[in-house]
Every structure is written in structure tokens, then in C-alpha cells.
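Here is how the chains run, residue by residue.
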Amino acid sequence: MLEHFPSTRLRRLRQHAFTRSMVAEHQLRAQDLIYPMFVIEGYNQREVIPSMPGIERVTIDLLIEEAKELVELGIPAIALFPVTPAELKSLCASEAFNPQGLAQKATRALKQAIPELAVITDVALDPFTVHGQDGIIDDNGYVLNDATVEILVKQALSHAEAGADIVAPSDMMDGRIGAIRQALESLGHHNTCIMAYSAKYASSYYGPFRDAVGSASNIKGGNKKNYQMDPANSDEAMREIALDIQEGADMVMVKPGMPYLDIVRRCKSEFKVPTFAYQVSGEYAMHKAAFANGWLKEDEVILESLLAFKRAGADGILTYFAKQAAQLLAKN
């Protein structure tokens, strides 16, 4: 269809707030947001995270109180990340599947206190290993795929048994989705969803998160390039996503977020499956630094950045701005 000026003046629909609202192609809602939360052992304790201003590590009692606020704001889910004490870390990451582990205890407490809140648990070994890698390593430091998958299956099962609604493998081992799905089915966890981190890149945007969970000092300058994806690749991400769907993933994740919106768009267009994206810690930290310096308008930029995920095709967004964004949306 050919359009010509002046019969077509696209600015007509931009003149008033009501027409802009009427023709808006995408909308951001509190229901689109998932809040990542860090939990520590103890009672009534908070720990600041210097590289993530405004985000704290909290004990289970405070986690529950904040989660209740999230539900009132309309946020449907949290993503839970435990901070493992150094003395419980090991080469074999056995604390990852401890039924009395921190993630498992927190999940049970949350589901008992707030059953309507969806609890998403992280299935990965980096918070539990002494070396900060996401798996079991050999003598050369190489992460062993199949040995790691065996531990991931145990971890996912322990989360499902604790009441997790969604287990989210974020490790990028080959074949782990199929192994976890088979194990869940065999033990009767038919309705436990798998959110697969299918396109997780070996990104430099994760630094503040590693500070938050206490793995930054363990990895000691190492990297995860032999199992996380090369930032140069897009077609490979589609292969990863296709494999995870075939193996039983209910939804897929792209991580990081804004620098990889092209991957979000391709995923949604090519597979038409529930697609999630993670506005990661480095993205959050950059925004917060710009806000603190007065370089960007905080409220407006938060909402604009999240709307970009919706426009790209994300059904949901993991973001450290979730609570603040939901408060802003409630005012509008």
C-alpha cells in the first residue's frame, strides 16, 4: 500500500495523549515483571550490594515481607537466588541439592506464606562451587557437561519437591533440559514448569550479579566462554532454543536483555513460544549510575527500557527495576 503526504500525516496520531494511547502497539504491565531476589541465612538481616544500589540480600523473613508487597503491586513472580556461605561451597556442589539448603527453605517458606506468588528457582551450580563455574570441572578446569547435568537434575528435583513453580536452568549445559524434564515426570512433578535459559551469552554484563551471590571472588578472572554463548552469534541461539523446546522447556530465556533484543525478536518470531528476557545486573548498574549523576531521567528511562522488551517480543521481563516499575505504573 502506497502512502503519500499530505493525505498521510503520521503526526496526527501523535498530537494528543489520548490518541497516542489508543494506537499504542505495546503496553507494559506489572504482570509482565519478575523480580530477582537474593536470600541469605539468618533472621532480620539485610546486606547492601555496592554494585547494585537499592538491591539487598535479605533473610527469609524479610524476603517474605517484601514478596507480599510485590503481590500487592501486581507482580506475579520472583526469581530466587541464594547466597551460599563459603564453608558450604565445594568442588562437587553438593549444597545445591540439599533439601535443607537455603533455596529450598526459602521456597517452602514463600509458598506457605504467599501461595499465589510464583517462585522461580535458579538451577545452576556457580553459587555452590569453590571455583565459581557453573559445573563440575576436570583437572584442567574444563566444565564437564554430563557430570554437571547429573547434579543439575538433583538440584531441580530438590526445588520441585520444595514447591518451586518454575525451575530455571541457567547453566547452558547440553542436554540438561531433557534430563530435568524426564526426572520431573518420573517423580510425578508433571506441572513443574521449566524456564530454560536457552540463549545465555558469555557476557561482561554479569559482574554485579556475581558480587551479589558471592561468586565473583571464586571465579578469579576466569570466564565461562566454553559453555555460555559467543556474543557474536545469533543463528546458534536459534539452535539452542529449538533444542530446549524439543527437550521439554515450557518457556525460554534470553540473557542479557537490552544488548540482545534482536535475539528476543527472532525467538518470538521464529518459535512463537513464551519468551522471557533478563535485564541483567550490569544493565541495572549502568542505569543507576546515570540516574545518580543526573544524566538520565530515572522514572521515564526505567519504563522506556522495559517497554523495549515488550516491543521486541518478550512475554515477561526479569528486572531489578520490577518493584519500582510496578509502583510507577500504578501511578499512571
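Scoring rules and cut-offs
Residues numbered from 1 in each chain as written. Predicted model: local features only at pLDDT ≥ 70, side-chain atom pairs only at ≥ 80, totals over all residues. Heavy atoms only, no water. Salt bridge = Lys/Arg side-chain N within 4 Å of Asp/Glu carboxyl O. Helix = DSSP H or I, 4+ residues; strand = E, 2+ residues; numbered from the N terminus. Buried < 20%, exposed > 50% of the residue type's maximum accessible area, 1.4 Å probe, protein only. Phe/Tyr/Trp six-rings, centres within 6.5 Å; stacked < 30°, edge-to-face > 60°. Lys NZ or Arg CZ within 6 Å of the ring centre and 35° of its normal. Pairing = 2+ DSSP bridges. Axes fitted to C-alpha atoms, helices over the stretch in contact; angles between N-to-C directions. Parallel < 35°, antiparallel > 145°, perpendicular 65-115°, else oblique. Contact = heavy atoms within 4.5 Å. Nonpolar A, V, L, I, M, F, W, Y, C, P; charged D, E, K, R; others polar. Right-handed = clockwise from strand over helix to strand, strands pointing away. Expected span 1.5 Å × (residues − 1). Core = buried A, V, L, I, M, F, W, Y, C linked by side-chain atoms within 4.5 Å.

Chemist: So what's going on with the pattern of salt bridges? Which residues, and what values?
Modeler: This model, assessed by the stated rule, comprises 18 salt bridges. Note that Arg266 is salt-bridged to Asp235, the shortest N-O span being 2.7 Å. Of the two residues, Arg266 sits in helix H9 (residues 261-271) while Asp235 sits in helix H8 (residues 235-247), which places them 31 residues apart along the sequence. Under the relative-accessibility criterion, Arg266 is labelled partly exposed at 24%. For the salt bridge of Glu298 with Lys288, the shortest nitrogen-to-oxygen distance reads 3.6 Å. With Glu298 in helix H11 (residues 298-312) and Lys288 in helix H10 (residues 281-292), the pair connects residues that are 10 residues apart, well separated along the chain. Judged by its relative accessible area of 27%, Glu298 is partly exposed. Through salt bridges that share partners, Arg29, Asp32 and Lys310 make up one connected network.

Chemist: Please provide a residue-by-residue account of the packing of aromatic side chains, values included.
Modeler: All told, the structure shown has nine aromatic pairs when counted by the stated rule. Between Phe38 and Phe209, the ring centres sit 5.7 Å apart and the planes meet at 55 degrees, which makes this aromatic pair tilted. On the criterion of sequence distance, the pair formed by Phe38 in strand E1 (residues 33-40) and Phe209 in helix H6 (residues 207-213) is long-range, its members being 171 residues apart. Residue class for Phe209 comes out buried when judged on its relative accessible area of 10%. With centroids separated by 4.7 Å and ring planes inclined at 45 degrees, the aromatic side chains of Tyr284 and Phe321 adopt a geometry described as tilted. Of this pair, Tyr284 sits in helix H10 while Phe321 sits in the loop between strand E10 (316-319) and helix H12 (322-331), placing them 37 residues apart in sequence. On the basis of relative accessible area, Tyr284 is assigned to the buried category, the value being 3%. Within the aromatic cluster, the residues linked to one another by ring pairs are Phe38, Phe81, Phe209, Tyr278, Tyr284, Phe291, Tyr320 and Phe321. Lys255 extends its terminal NZ or CZ atom over the ring of Tyr278, reaching a point 4.6 Å from the ring centre.

Chemist: Outline the pairing of strand E8 (residues 251-255), supporting the account with residue identities and numerical values.
Modeler: Of all five residues in E8, five are buried, a share of seventy percent or more. Residues Met251, Met253 and Lys255 of E8 are buried on one face, and the alternating residues Val252 and Val254, pointing to the opposite face, are buried as well. Both strand E7 (residues 193-200) and E8 contribute to a ladder of four bridges, which runs parallel. Pairing of Met195 across the sheet is with Met251, part of E8. Inspection of the sheet shows E8 paired to strand E9 (residues 275-279) by three bridges, in the parallel sense. Bridging across to E9, Val252 finds its partner in Thr275.

Chemist: So what's going on with the packing of H11 against H12? Residues and values would help.
Modeler: Where H11 contacts H12, the two axes come as close as 10 Å, and the packing angle between them is 105 degrees. Comparing the axis directions of H11 and H12 gives the class roughly perpendicular. In this structure, H11 uses Glu298, Asp299, Ile302, Leu303 and Leu306 to contact H12, whose residues at the interface are Gln324, Ala325, Leu328 and Leu329. Grouping the amino acids of the contact of H11 with H12 by side-chain chemistry returns six nonpolar, one polar and two charged.

Chemist: Pulling in residues and values, what's your account of the pairing of E7?
Modeler: Across the eight residues that make up E7, a large majority, seven, are buried. At this point the chain moves from strand E6 (residues 166-169), through helix H5 (residues 176-186), to the parallel E7, and the crossover so formed is right-handed.

Chemist: Explain H8 to me, using residue names and the numbers behind them.
Modeler: Compared with an ideal rise of 1.5 Å per residue, which puts 13 residues at 18 Å, H8 spans 19 Å between its outermost C-alpha atoms and is within 8% of the ideal. Within the sequence span of H8, burial applies to Ala237, Met238, Glu240, Ile241, Ala242 and Asp244. On its buried face, H8 is in contact with H5, E7, E8 and H9. Residue Gly248 follows H8 closely and has a positive phi angle near 120 degrees.

Chemist: Lay out the nonpolar core in plain terms, naming residues and giving numbers.
Modeler: In this structure, Phe38, Leu110, Met195 and Tyr278 are the most contacted members of the largest nonpolar core, which totals 82 residues. If we skip the residues at most four places from it in the chain, Tyr278 touches Pro36, Phe81, Tyr197, Phe209, Met253, Val254, Lys255, Pro256, Gly257, Glu283, Leu318 and Tyr320. Listed in part, the 25 residues of the second largest apolar core include Ala96, Val167, Tyr227 and Ala249.

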